[in-house]
Amino acid sequence: MQNSTTRVLFLIAIVASSALSGCLGSLRPDAPQSIHYYSAAPDAHVDGGSTLDLSGTLRLGRVRAADHLTNRMVWRVSDVEYGFYELARWTEAPREYLERTLSKTLFQTRGIPESLGPEAHVLDAKLVGFEEDLSDGRHARVAVAFHLQRGGAVLWTATLESLVPIASNDRAQAAAAIRGALTDVVARASEIIIGRLE
């Protein structure tokens, strides 16, 4: 009898040990996942535009971004619900992309005369959208609030938005689409600004 009790206890110990090792095995951490970085920087190529003959000059004023637009890539499912991709980051703060795209488009590509003097028109910009919009399909969404003034007089204020379709779930394609949306918003703004400076 003692021999059979020993066998039963031995089998119970083996089964318990197997079950416990299976449970504990699932507690082992997975291999760390790497963070991927993406860029929305404007293309390095500049279509060299000559300086326009405008009655006014322009200075790029304050360029800001909404608080949630940091180096983490953002998604949204509605106007009020946003989230962050844990493993997807921008190589720079989105505000930097906006500032470089504005400067390059306005002064280099479009040839608007730049001035730091007090007589210059001042353009302020705030990036309010720079995300993957999942509310109706998959789109890159960029929205920028612009404010153009001269000598305290407001000449133009508007928020321009662009939506560009994203073909797949690939973050690199999303980053390229967001860059395209940013380029579109700034190009449209530059047309309006040129009209205000003539």
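Just so it is clear, the model here is predicted, and its values are computed rather than measured. (Residues numbered from 1 in each chain as written. Predicted model: local features only at pLDDT ≥ 70, side-chain atom pairs only at ≥ 80, totals over all residues. Heavy atoms only, no water.)

### Some remarks on the packing of aromatic side chains
In this description, a pair of aromatic rings is defined by centroid distance and the angle of the planes.
Then, number 1: One pass over the structure, following the stated rule, counts four aromatic pairs.
Then, number 2: Aromatic pair Trp90 and Tyr97: ring centres 5.9 Å apart, planes at 75°, arrangement edge-to-face. The same class applies to Trp90 as to Tyr97, namely buried.
Then, number 3: Pairing Phe146 with Trp156 gives two aromatic rings, centres 5.6 Å apart and planes at 20°, and the pair type is stacked. Pair noted here: Phe146 is in strand 6 (residues 139–150) and Trp156 is in strand 7 (residues 153–165), with a separation of 10 residues, a long-range link. Comparing Phe146 with Trp156, the two get one shared label, buried.
Then, number 4: Each member of the aromatic cluster is reached from another via a ring pair, and the members are Trp90, Tyr97 and Phe130.
Then, number 5: A cation over a ring is seen here: Arg171 above Tyr85, with NZ or CZ 3.8 Å from the ring centre. (Phe/Tyr/Trp six-rings, centres within 6.5 Å; stacked < 30°, edge-to-face > 60°. Buried < 20%, exposed > 50% of the residue type's maximum accessible area, 1.4 Å probe, protein only. Helix = DSSP H or I, 4+ residues; strand = E, 2+ residues; numbered from the N terminus. Lys NZ or Arg CZ within 6 Å of the ring centre and 35° of its normal.)

### Considerations on the pattern of salt bridges
Then, number 1: What the rule picks out here adds up to 13 salt bridges.
Then, number 2: Its salt-bridge partner being Arg100, residue Glu92 comes within 2.8 Å of it at the nearest N-O pair.
Then, number 3: A relative accessible area of 34% means that Arg100 is categorised as partly exposed.
Then, number 4: Ionic pairing is found between Arg138 and Glu132, a salt bridge with its closest N-O pair at 2.1 Å.
Then, number 5: A single salt-bridge network, built from bridges that share partners, covers Arg76, Asp79, Glu131, Asp133, Arg141 and Glu161. (Salt bridge = Lys/Arg side-chain N within 4 Å of Asp/Glu carboxyl O.)

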